2 protein chains.
Amino acid sequence: MKKYLRPDEWCVIEEGFDPANHRASESIFSIGNGKMGQRANFEEKYSGSSLQGSYVAGVYYPDKTRVGWWKNGYPEYFAKVLNSPNWIGINVHVDGTELDLNYCDVENFVRTLNMKEGYLQREFDATLDGNKKIHVKAQRFVSMADTENGAIRYEVTPVNFSGKISFTPYIDGDIENEDSNYDEKFWNILDVDASEGAAYLESQTKKSDFRCGFAMRYQATVNGKAVTTKPELIQSAKWVGNRIELEVKEGEKACLEKFVGVTSSLNYATDVLRSNAVELATCAYKKGFDQLFADHKQKWEDKWVHSDIKIKGDVEAQQGIRFNIFHLNQTYTGEDERLNVGPKGFTGEKYGGTTYWDTEAYCIPFFLMTSPSQVTRQLLIYRYKHLQKAIENAAKLGFTDGAALYPMVTANGEECHNEWEITFMEVHRNGAMAYAIHNYIRHTGDYKYLEEYGLEVLVAISRFWSQRITFSEAKNQFVMLGVTGPNEYENNINNNWYTNKIAVWCMKYTMEALNYVKDSHPARYKELVAKMNFNSGEETQRWKDIMGNMHFPYNQELDVIMQQDGFMDKEQLMADDLDPAQRPINQYWSWDRILRSNFIKQADTLQGIYAFEEEFTNEEIERNFNFYEPRTVHESSLSPCVHSILATKIGRIEKAYEMYLRTSRLDLDDYNAEVHEGLHITSMAGTWMSIVEGFGGKRAYDQKLYLSPVIPEQWQEYAFRITFKGNDLEVRVTAKEVEIISHAKETIELYLYDELVSVEANESKTVWR
Amino acid sequence: MKKYLRPDEWCVIEEGFDPANHRASESIFSIGNGKMGQRANFEEKYSGSSLQGSYVAGVYYPDKTRVGWWKNGYPEYFAKVLNSPNWIGINVHVDGTELDLNYCDVENFVRTLNMKEGYLQREFDATLDGNKKIHVKAQRFVSMADTENGAIRYEVTPVNFSGKISFTPYIDGDIENEDSNYDEKFWNILDVDASEGAAYLESQTKKSDFRCGFAMRYQATVNGKAVTTKPELIQSAKWVGNRIELEVKEGEKACLEKFVGVTSSLNYATDVLRSNAVELATCAYKKGFDQLFADHKQKWEDKWVHSDIKIKGDVEAQQGIRFNIFHLNQTYTGEDERLNVGPKGFTGEKYGGTTYWDTEAYCIPFFLMTSPSQVTRQLLIYRYKHLQKAIENAAKLGFTDGAALYPMVTANGEECHNEWEITFMEVHRNGAMAYAIHNYIRHTGDYKYLEEYGLEVLVAISRFWSQRITFSEAKNQFVMLGVTGPNEYENNINNNWYTNKIAVWCMKYTMEALNYVKDSHPARYKELVAKMNFNSGEETQRWKDIMGNMHFPYNQELDVIMQQDGFMDKEQLMADDLDPAQRPINQYWSWDRILRSNFIKQADTLQGIYAFEEEFTNEEIERNFNFYEPRTVHESSLSPCVHSILATKIGRIEKAYEMYLRTSRLDLDDYNAEVHEGLHITSMAGTWMSIVEGFGGKRAYDQKLYLSPVIPEQWQEYAFRITFKGNDLEVRVTAKEVEIISHAKETIELYLYDELVSVEANESKTVWR
């Protein structure tokens, strides 16, 4: 854990420049707009340690798999999130000396991420050549309104001298991924072209043949007056820019505004990539920085209306939740069905791929409640479109007859992951796909989704479970052997309770869905049965057999669910007793030691209790929580939120608050010493869940909304806004009252502390607690 | 399985050239002498598929580890068996056209490995340029007498024309390993120098800085007359040779004899590598091919006297056992304590490293009985010298206080392997180190070894077990969690019976050893206690606690040992029911499918029963054999031999014979479709064991020798020769009689079918069966 950022309600602020924090800050201060984004790399040259990262959504590279020992079934490649040509670069020279914060004295450094308005800003004083002091202010944003535009305003003011300031705005295609498996570069550069005041670079990914066009325009001024000096045009095979030199007097402000248009072959034919990028850059240039920014800011304002959570009396908590919501909104906007929510979004390379079960388990609950239902529907259709690949993926592992195993990591439906204990064994992810359909329907009532898309996915998943589960003569029960549960600190275990639970639930839900479609739309049902070659009698009989006789490990003595067979054979140690110097254990312990220990990476049994909470009494939840939480080291970002929600449920608000802080400030305070690699984007949805589902007690059963708000004593008030079945409402909670403010067009009914409450359209209702 | 070789008692013979078999033959026809060796690559250029492989014992390269996902504790590098400069090369041109079997008609091709005399020979007719036919005969050996020399006689006879034959003998340092992790080359070439009739090349491994010198001389003749034409000298940065052109008339024989001297920095100071290599080549050249070969042949004759096994009436079985003995003797001669027995010897790259537990579990029984005790003692001291590294290795995994974990794979004592399920979990290997000490002493009576070296190793190993074993409150017993047993088709399992068994045995044996040294040499004991910081009371009390209350999985209903906890939860399938098209399953099934199945790669429970056979009744052995053998797919080369031995023990001679054929002809008949990668050298010792310990029934308890020979009905007679406590005896077995022929200097006592028998020095005794 490391705290170096100033708490603030709407901003993240770093004061003073410490190169040791730079990579972490590059992650934290990242900006994006769902279509592109990048780490908070400096515009000017920086020769110190930095992870360059600029990303274009949907563009990936199939890097040849690297393993120590090949095993059958491993995928041939790993879809890497691709560091793309750098379009933010502006080299700066002061009387011929290059500005590089690694080599000059830096004072009054302030880096700000303004989350309300969605921009990144840096200000600092730098002294070059021993005595020339300049003041620098740089602002950057990636437009939420003009989503293929980015803009930078870079100002340099000589403080104690007059001299020459030169700016070299450029686009650099000679970039690399740090995580390249074989130190290969992933891009070909097809075109570089510098002209006066403009430049263009076109790049092509090797193998996957994605193409991206980057066009720039710029405007230089001194003290607000446009500079007309002719620039020097510079270009090489992979680099293109202009160099412009300005005579600047002491106290005058030299300013460069750089406007960039970015196009990709996902959205344009390759022969018009260039013309469109150039037009985009030119439009932005003509619109000007201020107007471009104003439009952008307006979009952010709209977003905040619907997704903001306000917390009074606790700046750190407020900053934490906004940081999470801000990054979620930067990563995915729901406008393109081919995109998904990568675990690092536009903030780093790690993990590769773009889609994990995180989307279904964490992000969908967020988008379901803060966005139109269409956004979630698109995320579901994304998986529907990958169904055939999931069937092929299962076939590689020996499954037959249309059984589907969704990949652990993917960019296009094909599996990318290559650790057998995850790739082949962490099969519970399949359950998340089915659960997401259920979750979507119970929040939206869109049953039509089943017949259109959902049923095929459900049947294919249930077929997988049916084959993956075997019968144990010894137990006289069905078992599921050799799996890895959500707790990845156990590998190749037998009868992971969570996996068994969600597998059986999938079969049950699939049968309900089959019946629903059969009843509501018999013709479509018939069509689907034929398409799926579904043998209703035989297949569902097997599912019923399993449902009726599945083994669920349980410890009678302790009266708690067992995470897996044999869990109690382990030495029972508590996370609090661990030597803090050895935490996180995944950075200090060898893998076998972790596996042999009882320490739990993330909610596993508790993840199942969270998913199927309605099946458990509060006492049962409490017993299991009290057993598992102390054994949990929370070394997955997906862990604290579930614990926070359940802690609230059982009345342990202090614990819930501790977990909330951990999840909401995971990256800001770098709990797991890894923020330099990028942010934990998908778990940010979990943070939102820990307020809305945790403290707010929001539930949805049978398309009915439930709320049971509590408030941590550290807070004076908090408020969130949610959408439920198309109705928009705000919930404001203090220690004394709960106010429901309706923005809906009709009367809303909901259960507040299990009492039915109606709120008229555009009215509010306050209930004393 | 693939049978393309002609059975013969003393030779391996390939008739007809099929490029599809070439890589397999390159492995099978490999030659070596313990100090160097190489695959049966062609001397002349061959542009078809080939795995070039020439190896110098003890020379390895620390290749940077390659993994998909790094885990703490993984070793930084993997010691690769190093493909060394190619010294066998002789390019051949016929009237300017290069001889390349990939591009000409080949007839009458015969490749022979003469195991009796230890040489490789090829004969064939090749037609070049459409009509020029030549007859070629090439002989090669690596001398067992002059162990730094290799020699080749290469003869070309134009059959239907007169013309120019040119020979280009060379040394090529521009070579690579196919298994290089990052496609890097491992050698620097420091020196190339061609002179008339000679050439020298010196190479240096990157990072590990081993150096090797390769000097060549040659002699060219036509029809036996020396040719005096001046050669063309050719050299480039990594290649050096001479080219000599001969005018040869139809029917005349052009011959090149190439003599090579190879030195390495293991044995010479670097500044005399060259002078010694040159002198070695020159000596060989002066001695001449015939004399060099005669000396070599004599050495082989001596080796065969002591290690041959004769089988009458079954050519395939005879060929199989000699093939195994031949390769074992080629791989390790016991003359250098820094060397060990690599799993592929000098026949391929796969697996890397040089030392596995195979040495202790398989090779030591062979060398114990066929070589002076000093040979085995050196193999034990090899491990003693690695003790400190084994302690460091254990420390990396969190073990303390002098606990040692010997590496899974090593070249210098450091762990090289990098799959967590093996590296960190296949800890049973540690037991093999202790068992080898026990085995050595019970065969030799050399108790002094304990106080000199053995005790320190034993204590360090027992300390490891003591920490690795934990107490299960649930079972109220000690357990060992998260291991991989010898059956690597189970990973991260709990309470592998074999591992638990050998762990507990280690502690018991260590306590016996402690007592022995304490009694026999109290001063040394005191010294060792201080050196090891051994807390006798506390440490042995913990060992006793474990010994008295260890969990050993057992199935009461079936009355068999359980390989691990939960084994009976698996679907119980039989190997015979597998689709033959899906075997070996490790080439067709994904890893999770293999792990979830009950199929057993190699003896696991049965390996333990083999090791501790005296503790089991025949009925117990039979029950366990009958349970486990049908579930075993024998996809490790180490599997069939143990099954063969136990099958004999329980009177299932037919089964034993089937397993014997499988182990002895594993490579010759390519049972596991992988012989092209190299031979299974260490398992070859298992083949020897399946005759001597299997059919011969040889046992050693308390330094007493037991024999209980049986004979498969396919055989008329078989005979083996063993050394026991320095005494040398032959055992000849027919269906009717057993003859013991003593070559000892004193009366030998042994138990034949459990009856005490004495054989006078140099007498023989026949017992009717």
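Computed from a predicted model, the values in this text were never measured in an experiment. (Residues numbered from 1 in each chain as written. Chains lettered and ligands numbered in written order. Predicted model: local features only at pLDDT ≥ 70, side-chain atom pairs only at ≥ 80, totals over all residues.)

### So, the overall build of chain A
Then step 1. Assigned secondary structure in chain A consists of 19 helices and 34 strands.
Then step 2. Computed over its C-alpha atoms, the radius of gyration of chain A comes to 27 Å, within 12% of the 27 Å expected for a compact globule of 769 residues.
Then step 3. Dimensions of chain A along its principal axes, counting C-alpha atoms only, are 85 × 60 × 55 Å.
Then step 4. Expressed as a percentage of the 769 residues in chain A, the buried residues total 56%.
Then step 5. When contacts within chain A are restricted to residue pairs at least 6 apart in sequence, those whose partners lie at least 24 apart make up 68%. (Helix = DSSP H or I, 4+ residues; strand = E, 2+ residues; numbered from the N terminus. Rg over C-alpha atoms; globule rule 2.2 N^0.38 Å. Buried ≥ 20, exposed ≤ 12 C-beta atoms within 10 Å, placed from the backbone. Contact = placed C-beta atoms within 7 Å.)

### Notes on the UniProt feature "domain: Glycoside hydrolase family 65 C-terminal" (unreviewed entry) in chain A
Then step 1. Feature annotation in UniProt assigns "domain: Glycoside hydrolase family 65 C-terminal" (unreviewed entry) to the following positions: residues 699–759 of chain A.
Then step 2. Along residues 699–759 of chain A one finds 0% helix and 64% strand; the C-alpha atoms at either end are 18 Å apart. (UniProt positions renumbered as here; feature names shortened; annotations may be inferred.)

### Examining the relation of the copies chain B and chain A
Then step 1. Mapping chain B onto chain A calls for a screw motion: a turn of 180 degrees about the axis and a shift of 0.1 Å along it, with 0.1 Å RMSD after fitting. The two molecules are tied by a two-fold rotation axis, judged by turn and shift. The rotation axis passes nearest to the C-alpha of Val67(B) in chain B, at a distance of 2.3 Å.
Then step 2. Both copies contact each other with a shared surface, as 100% of the interface residues of chain B are interface residues in chain A too. (Least-squares fit on C-alpha atoms with pLDDT ≥ 70 in both.)

### Examining the nonpolar core
Then step 1. In terms of nonpolar packing, the biggest core is built from 439 residues, with Phe214(A), Met216(A), Phe214(B) and Met216(B) touching the most fellow members.
Then step 2. When neighbours within four sequence positions are excluded, Phe214(A) is seen to be in contact with Pro85(A), Trp87(A), Ile171(A), Tyr200(A), Leu201(A), Val260(A), Val262(A) and Ala277(A). (Core = buried A, V, L, I, M, F, W, Y, C linked by C-beta atoms within 7 Å.)

### Quick word on the interface of chain B and chain A
Then step 1. Taken together, the contact between chain B and chain A spans 43 residues of the former and 43 residues of the latter.
Then step 2. Every element with two or more residues in the side of chain B that touches chain A is listed here: strand E23 (470–472) and helix H14 (591–596) of chain B.
Then step 3. Here the side of chain B that touches chain A takes 5 residues from H14(B), the largest share from any one element.
Then step 4. Residues that form the side of chain B that touches chain A fall into these classes: 15 nonpolar, 15 polar and 13 charged. (Nonpolar A, V, L, I, M, F, W, Y, C, P; charged D, E, K, R; others polar.)

### Things to note about the environment of Thr734(B)
All names here are of chain B.
Then step 1. Tracing the sequence through the fold places Thr-734 in strand E30 (residues 727–734).
Then step 2. On the basis of neighbour counts, which here come to 17 C-beta atoms within 10 Å, the residue Thr-734 falls in the partly exposed class.
Then step 3. Here the alpha-carbon distance between Thr-734 and Pro-553, two residues 181 residues apart in the chain, equals 41 Å.
Then step 4. For Thr-734, the residues in contact, after removing those within four places along its chain, are Ile-711, Gln-716 and Glu-717.

### Observations concerning helix H19 (residues 681–695) of chain A
Residues and elements named next belong to chain A.
Then step 1. For H19, spanning 15 residues, the distance from its first C-alpha to its last is 21 Å, which sits close to the expected 21 Å at 1.5 Å a residue.
Then step 2. Met-689 marks where H19 bends most, by close to 30 degrees.
Then step 3. Burial analysis of H19 places 15 of its 15 residues in the buried class, the great majority of the element.
Then step 4. Downstream of H19 by one or two residues, Gly-697 has phi in the positive range, about 65 degrees. (Expected span 1.5 Å × (residues − 1). Bend = angle between axes of the 7 residues up to and from the residue.)

### Brief notes about the sheet that holds strand E8 (residues 90–94) of chain A
Sheets are built from strands that pair by backbone hydrogen bonding, the pairs being arranged parallel or antiparallel.
Then step 1. The strand order across the open sheet formed by 5 strands is E9-E8-E14-E20-E19 (chain A), and the pairing between neighbours is antiparallel. Looking at which strands have only one partner, the edges of the open sheet turn out to be strand E9 (97–98) and strand E19 (232–236) of chain A. (Pairing = 2+ DSSP bridges.)

### Topic: the environment of Ile189(A)
All names here are of chain A.
Then step 1. The topology assignment puts Ile-189 in strand E15 (residues 187–195).
Then step 2. The buried category is assigned to Ile-189, around which 20 C-beta atoms lie within 10 Å.
Then step 3. Separated by 12 residues in sequence, Ile-189 and Leu-201 place their C-alpha atoms 7.4 Å apart.

### Quick look at the UniProt feature "domain: Glycoside hydrolase family 65 central catalytic" (unreviewed entry) in chain A
Then step 1. The residues that UniProt annotates with the feature "domain: Glycoside hydrolase family 65 central catalytic" (unreviewed entry) are residues 322–689 of chain A.
Then step 2. Along residues 322–689 of chain A one finds 52% helix and 3% strand; the C-alpha atoms at either end are 13 Å apart.

### Observations regarding the sheet that holds strand E30 (residues 727–734) of chain A
All names here are of chain A.
Then step 1. The 5 strands are arranged E22-E29-E30-E31-E34 in an open sheet whose pairing can be described as antiparallel. Each end of this open sheet is capped by a strand with a single partner; those strands are strand E22 (309–312) and strand E34 (764–768). Recorded for the sheet is a direction-independent mean angle of 15 degrees between the axes of neighbouring strands.
Then step 2. As defined by bridge partners, strand E31 (residues 737–742) adjoins E34 across 5 bridges and the pair is classed as antiparallel. Counted as the bridge partner of Glu-737 is Trp-768 from E34. (Axes fitted to C-alpha atoms, helices over the stretch in contact; angles between N-to-C directions.)

### What about unusual backbone geometry?
Then step 1. Backbone torsion omega between Arg583(A) and Pro584(A) reads -5 degrees, so that peptide bond is classified as cis.
Then step 2. Tracing the backbone through its elements, the reader meets Pro584(A) in the loop between strand E26 (560–561) and helix H14 (591–596).
Then step 3. One non-glycine residue, Asp95(B), adopts positive backbone phi at about 45 degrees.
Then step 4. Tracing the backbone shows Asp95(B) in the loop between strand E8 (90–94) and strand E9 (97–98).
Then step 5. The residue Asn495(B) is not glycine, and still its phi comes out positive at about 55 degrees.
Then step 6. Turning to its location among the elements, Asn495(B) is positioned in the loop between strand E24 (477–479) and helix H11 (497–520).
Then step 7. Note on Asn495(B): 27 C-beta atoms within 10 Å, which makes it buried.

### What about the packing of helix H10 (residues 448–468) of chain A against helix H11 (residues 497–520) of chain A?
All names here are of chain A.
Then step 1. The N-to-C vectors of H10 and H11 enclose an angle of 145 degrees; their axes lie 9 Å apart at closest approach. As H10 packs across H11, the resulting crossing turns out to be left-handed. For the pair H10 and H11, the contacting residues are Leu-450, Glu-451, Gly-454, Leu-455, Leu-458, Val-459, Ile-461, Ser-462 and Trp-465 in the first and Ala-503, Cys-506, Met-507, Tyr-509, Thr-510, Ala-513, Leu-514, Tyr-516 and Val-517 in the second.
Then step 2. Grouping the amino acids of the contact of H10 with H11 by side-chain chemistry returns 14 nonpolar, 3 polar and 1 charged. (Left-handed = near helix turned anticlockwise from the far one by under 90°.)

### Some thoughts on the pairing of strand E28 (residues 704–707) of chain A
Residues and elements named next belong to chain A.
Then step 1. Along E28, the buried face is formed by Leu-705 and Leu-707; none of Lys-704 and Tyr-706, which line the opposite face, is buried.
Then step 2. Pairing of strand E27 (residues 699–701) with E28, which is carried by 3 bridges, proceeds in the antiparallel orientation. Counted as the bridge partner of Tyr-701 is Lys-704 from E28.
Then step 3. In sequence, E27 turns back onto E28 through a hairpin of 2 residues, with Asp-702 there showing a positive phi of about 50 degrees.

### Quick word on the packing of helix H5 (residues 358–370) of chain A against helix H9 (residues 429–444) of chain A
Residue and element names in this part refer to chain A.
Then step 1. At a closest axis distance of 10 Å, the pairing of H5 and H9 adopts a crossing angle of 15 degrees. It follows that H5 is roughly parallel to H9 by the angle criterion. Helix-helix and strand crossings are classified by hand; for H5 and H9 the assignment is right-handed. The segment H5 lies against H9, with Glu-360, Ala-361, Ile-364, Pro-365 and Leu-368 engaging Ala-432, Met-433, Tyr-435, Ala-436, Asn-439, Tyr-440 and His-443.
Then step 2. A per-class count over the contact of H5 with H9 returns 9 nonpolar, 2 polar and 1 charged. (Parallel < 35°, antiparallel > 145°, perpendicular 65-115°, else oblique.)

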